[in-house]
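Structural overview
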There are 2 protein chains.
Amino acid sequence: MVQSSKKIQVVPEPTIRRMPSYLAFAEGLLRKGQQFVSSTQIANYMNIDPTQVTKDLSYTAIVGKTRVGYEVKALVEVLSEFLGFTVMDNAFLVGAGSLGSALLHDSGLSHFGLNIVAAFDVNSSTIGKKINDIEVFHIDQFRDLSQEMNVIMGIITVPAENAQTVADLMVAWGIKAIWNFTPARIKVPDDIIVQNTTLYSNLAIIFNKLHNDRKETR
Amino acid sequence: MVQSSKKIQVVPEPTIRRMPSYLAFAEGLLRKGQQFVSSTQIANYMNIDPTQVTKDLSYTAIVGKTRVGYEVKALVEVLSEFLGFTVMDNAFLVGAGSLGSALLHDSGLSHFGLNIVAAFDVNSSTIGKKINDIEVFHIDQFRDLSQEMNVIMGIITVPAENAQTVADLMVAWGIKAIWNFTPARIKVPDDIIVQNTTLYSNLAIIFNKLHNDRKETR
DNA sequence: TTTCATTAAAGAAAAATTCCTTTAATGATT
DNA sequence: AATCATTAAAGGAATTTTTCTTTAATGAAA
Ligand SMILES: NC(=O)c1ccc[n+]([C@@H]2O[C@H](COP(=O)([O-])OP(=O)(O)OC[C@H]3O[C@@H](n4cnc5c(N)ncnc54)[C@H](O)[C@@H]3O)[C@@H](O)[C@H]2O)c1
Ligand SMILES: NC(=O)c1ccc[n+]([C@@H]2O[C@H](COP(=O)([O-])OP(=O)(O)OC[C@H]3O[C@@H](n4cnc5c(N)ncnc54)[C@H](O)[C@@H]3O)[C@@H](O)[C@H]2O)c1
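As annotated in an unreviewed UniProt entry, chain A carries the name Redox-sensing transcriptional repressor Rex and comes from Labilibaculum filiforme. According to the UniProt record, the Subcellular location (unreviewed entry) comment for chain A is "Cytoplasm". As recorded by UniProt, the Sequence similarities (unreviewed entry) comment attached to chain A reads in full: "Belongs to the transcriptional regulatory Rex family."

The following block contains the structure:
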């Protein structure tokens with residue numbers, strides 16, 4: 001079948017999912033001063049097949065050296081670049097509750113290219129406060145701020161029943177991607193990217209394995 | 001090919017991943033008083049193919065009625081049961097920092113069958129406190145408590161560099177499954193179930209789509 | 001210098017997953 | 001009562017992803 005625009009994204013999603021872990025591993029090796037790392041080593045760390053690693057890495061610019069492996073420093077650079085972690089993207093977070101606060105606290109996000117510039121809520125007890133130096137505004141101020149700052153991503157951490165309302169708001173003010181942490185599935189125009197992160201799916205997988213006495217890592 | 005022990009887990013992992021969202025949707029309909037729901041409706045909500053829904057649901061006990069769909073009440077019950085959300089499992093959480101606290105606050109977990117009975121940390125400023133009625137102990141008290149309580153799962157929310165230490169501890173005290181929120185990949189015996197939940201993978205997927213001007217939901 | 005073992009890379013095969021097609025059932029409409 | 005349209009279910013095709021196999025390169029060891 002001829003696919004015109006779909007051919008753009010050739011990198012399999014599972015590959016992209018694994019890459020941040022490759023990166024984290026490589027960064028660790030870099031700190032320890034290791035110069036080269038083989039696909040076998042990475043595969044062993046990840047509990048996957050070595051050819052999976054080479055295939056995944058073949059999507060990036062890096063080339064390995066036979067009998068030696070990949071240069072750790074180059075690997076870190078190439079993966080960071082490839083994953084878009086080197087350019088900072090600005091984001092708004094809506095719902096500065098338990099999960100929202102945790103994300104605001106997470107320095108890992110800024111390390112991986114995401115800069116949360118402001119948070120929003122409706123609860124007067126949190127509005128006006130600063131969480132990890134990020135101010136919490138009332139949701140009504142959303143408009144003014146999104147214009148000023150160059151914000152392309154919205155993070156939704158409100159209760160599930162309010163997810164759609166918040167999503168609509170985000171779309172209205174020109175946000176391009178939404179990271180949705182609620183179990184609710186939101187409806188947005190086709191050109192808006194939505195990434196649903198449902199923690200409970202992971203729970204379901206664990207329970208399934210537990211009840212079937214299985215022993216996989218993945 | 002003949003598969004002896006591997007045949008036990010016949011349910012595809014992607015199916016299990018989708019099920020909690022079906023459940024959340026069905027629960028919403030139940031609250032609204034809707035009696036039946038068709039695969040088309042569910043698929044529309046999830047932005048997937050309707051046959052995917054029927055195939056997924058075919059792994060459970062529920063049978064749909066032609067021209068009507070699935071009974072919402074039965075669907076909720078069957079999915080909850082199937083996903084193991086009806087039996088409560090006890091868990092320990094180690095690392096009562098930002099993310100750990102968020103999880104301790106999350107009532108969704110107990111709704112989905114996970115009961116965090118105690119938290120552990122090394123930071124004296126949090127030890128002794130209660131987060132959402134769950135007490136934070138010093139990590140050294142881990143042993144005594146895991147014996148007393150019937151704890152089968154360990155949740156790791158410490159900094160990545162301490163993940164392995166904590167995992168070793170959890171294994172030593174008989175925990176059967178580990179839910180690992182750090183980007184580090186931990187090494188455990190084969191019979192221990194590990195579920196890695198790396199939020200940064202989701203970030204990588206968003207960035208990839210953003211940079212390729214794609215427009216998928218998934 | 002020669003042999004050996006380890007490795008990346010590429011391509012093929014296998015497996016898993018999704019998507020499509022067909023069939024039969026049945027509530028709603030006429 | 002007859003027709004129509006919607007739906008679940010089952011099977012198979014297509015696609016995607018993983019795993020296996022082969023090849024060539026090269027550092028280390030003999
Ligand atoms: N806490 C967790 O660890 C966790 C885990 C998995 C999923 N989640 C999901 O994340 C979401 C949030 O969970 P939480 O535990 O942080 O809940 P929470 O109640 O602690 O926080 C929600 C926040 O959103 C705010 N809010 C509500 N409606 C709003 C609106 N329309 N606009 C702006 N702000 C609004 C509330 O004032 C509150 O501060 C839920 O959907 C939950 O299922 C949370
Ligand atoms: N905060 C987030 O939203 C977020 C998002 C994605 C991933 N993560 C990951 O989750 C992990 C924790 O992140 P965080 O933001 O909660 O960090 P944090 O620093 O807020 O919390 C870590 C906690 O672990 C405790 N700790 C450290 N070593 C310990 C040990 N050996 N035993 C027991 N407790 C110990 C610390 O005292 C601290 O309270 C990190 O690996 C991070 O990458 C966090």
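Right, picking up where we left off after that structure.
1. With respect to the packing of helix α2 (residues 39–46) of chain A against helix α3 (residues 50–57) of chain A
All names here are of chain A. For the pair α2 and α3, interaxial distance at closest approach is 8 Å and the crossing angle is 110 degrees. Comparing their axes, α3 and α2 come out roughly perpendicular. By crossing handedness, the relation of α2 to α3 is classed as right-handed. For the pair α2 and α3, the contacting residues are S39, T40, I42 and A43 in the first and P50, V53, T54 and L57 in the second. By residue class, the composition of the contact of α2 with α3 is 5 nonpolar, 3 polar and no charged.

2. Thoughts on the UniProt feature "DNA-binding region" (unreviewed entry) in chain A
Here the UniProt-annotated "DNA-binding region" (unreviewed entry) positions come out as residues 21–60 of chain A. Strand forms 5% of residues 21–60 of chain A and helix 70%; the C-alpha atoms that close the span are 15 Å apart.

3. Let's talk about the nonpolar core
One finds W179 of chain A together with W179 of chain B to be the most contacted residues of the largest nonpolar core, which totals 147 residues. Residues contacting W179 of chain B, with those up to four places away along its chain left out, are L199, N202, L203 and I206 of chain A together with L109, L114, M153, G154, I155, I156, Q195 and T197 of chain B.

4. Points about the sheet that holds strand β5 (residues 130–131) of chain B
Residues and elements named next belong to chain B. Spatial ordering of the open sheet is given by β5-β6-β4-β3-β7-β8-β9, a layout of 7 strands whose pairing is mixed. Edge positions in the sheet fall to β5 and β9 (193–196), since each has one partner strand and no second. Judged from the 3 bridges that link them, strand β4 (residues 114–121) and strand β6 (residues 134–138) form a sheet pairing that is parallel. Directly across from A119, in β6, lies its bridge partner V136. Set on the sheet, helix α8 (residues 163–172) makes contact with β3 (89–94), β7 (151–156) and β8 (177–180); between it and β7 the angle comes to about 175 degrees.

The rules behind each value
- Residues numbered from 1 in each chain as written.
- Chains lettered and ligands numbered in written order.
- Predicted model: local features only at pLDDT ≥ 70, side-chain atom pairs only at ≥ 80, totals over all residues.
- Heavy atoms only, no water.
- UniProt positions renumbered as here; feature names shortened; annotations may be inferred.
- Axes fitted to C-alpha atoms, helices over the stretch in contact; angles between N-to-C directions.
- Helix = DSSP H or I, 4+ residues; strand = E, 2+ residues; numbered from the N terminus.
- Parallel < 35°, antiparallel > 145°, perpendicular 65-115°, else oblique.
- Left-handed = near helix turned anticlockwise from the far one by under 90°.
- Contact = heavy atoms within 4.5 Å.
- Nonpolar A, V, L, I, M, F, W, Y, C, P; charged D, E, K, R; others polar.
- Core = buried A, V, L, I, M, F, W, Y, C linked by side-chain atoms within 4.5 Å.
- Buried < 20%, exposed > 50% of the residue type's maximum accessible area, 1.4 Å probe, protein only.
- Pairing = 2+ DSSP bridges.

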